[in-house]
Amino acid sequence: MKLLIIEDNPEIVEAVSLCFELRWPEVNVISTDKGNTGVGLAESESPDLIILDLGLPDIDGFEVLRQIRLFSDTPIIILTV
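Only a predicted model underlies this, so the values are computations on that prediction, with no experimental measurement involved. (Residues numbered from 1 in each chain as written. Predicted model: local features only at pLDDT ≥ 70, side-chain atom pairs only at ≥ 80, totals over all residues. Heavy atoms only, no water.)

Novice: Which residues make up the sheet that holds strand β1 (residues 2–6), and what values do they have?
Specialist: In spatial order, the strands read β2-β1-β3-β4; together these four strands make up an open sheet with parallel pairing. Edge strands, defined here as strands with exactly one partner in the open sheet, are β2 (28–32) and β4 (76–78). Sheet twist, expressed as the average angle between the axes of neighbouring strands with direction ignored, equals 20°. As paired elements, β1 and strand β3 (residues 49–52) share four bridges and run parallel to each other. Paired with Ile 6 across the bridge in β3 is Leu 52. In this fold helix α1 (residues 10–23) packs onto β1, β2 and β3, with an angle of close to 165° to the strand it touches most, β1. (Pairing = 2+ DSSP bridges. Helix = DSSP H or I, 4+ residues; strand = E, 2+ residues; numbered from the N terminus. Axes fitted to C-alpha atoms, helices over the stretch in contact; angles between N-to-C directions. Contact = heavy atoms within 4.5 Å.)

What follows is the structure in structure tokens.
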């Protein structure tokens, strides 16, 4: 399983990664703190699941969602404060 986390808070990335790794030790976690980079990773890495923060430093999380939906139907979980 390949998981992409698009989140700018490193503590949240660490906690979510740990939860997945405990349940699925074979998970491959990829993360970025930038929305634009996340869109590129979603296209190039073809993850099985994306966890997306809405409050990103470069672009709005909803815009990231819109851009990913142009080329992918990968399940996306919105994780936000």
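Novice: Report on the environment of Val 16, specifying residues and quantitative values.
Specialist: Mapped onto the fold, Val 16 is located in helix α1. Looking at Val 16, the relative accessible area reads 14%, which means it is buried. Sequence-wise, Val 16 and Ile 51 are 35 residues apart; in three dimensions their C-alpha atoms are separated by 9.1 Å. Apart from residues lying up to four places away in sequence, Val 16 is in contact with Ile 5, Ile 51 and Leu 79. (Buried < 20%, exposed > 50% of the residue type's maximum accessible area, 1.4 Å probe, protein only.)

Novice: Quick one: what's the story with the packing of helix α2 (residues 35–45) against helix α3 (residues 61–69), residue by residue and with numbers?
Specialist: It is at 10 Å that the axes of α2 and α3 come closest, and there the two elements cross at 20°. Overall, the two elements α2 and α3 adopt an arrangement that is roughly parallel. Handedness of the crossing formed by α2 with α3: right-handed. Contacts between α2 and α3 involve Gly 35, Val 39 and Ala 42 on the former and, on the latter, Val 64, Gln 67 and Ile 68. (Parallel < 35°, antiparallel > 145°, perpendicular 65-115°, else oblique. Left-handed = near helix turned anticlockwise from the far one by under 90°.)

Novice: Just give me the short version of the pairing of β2, but keep the residues and values in it.
Specialist: Direction of pairing for β1 relative to β2: parallel, over a ladder of five bridges. Opposite Ile 6, over in β2, you have Thr 32 as the bridge partner. What joins β1 to β2 is α1, and the crossover it makes is right-handed. (Right-handed = clockwise from strand over helix to strand, strands pointing away.)

Novice: Lay out the side chain of Thr 74 with the relevant residues and their values.
Specialist: Turning to its location among the elements, Thr 74 is positioned in the loop between α3 and β4. Judged by its relative accessible area of 10%, Thr 74 falls in the buried class. Sequence-distant contacts of Thr 74, defined by excluding residues within four places in its chain, comprise Pro 47, Asp 48, Leu 49, Ile 50 and Arg 69.

Novice: Could you give an account of the nonpolar core, naming the residues involved and the relevant values?
Specialist: Core analysis: the biggest nonpolar cluster contains 13 residues, and Leu 4, Ile 6, Ile 50, Leu 52, Val 64 and Ile 68 have the highest contact counts within it. Within the residue set of this core, elements represented by two or more residues are β1, α2, β3 and α3. Filtering out sequence-adjacent residues up to four positions away, Val 64 remains in contact with Ile 6, Gly 35, Val 39, Leu 52, Leu 56 and Ile 59. (Core = buried A, V, L, I, M, F, W, Y, C linked by side-chain atoms within 4.5 Å.)

Read these as geometric descriptors, not functional statements.
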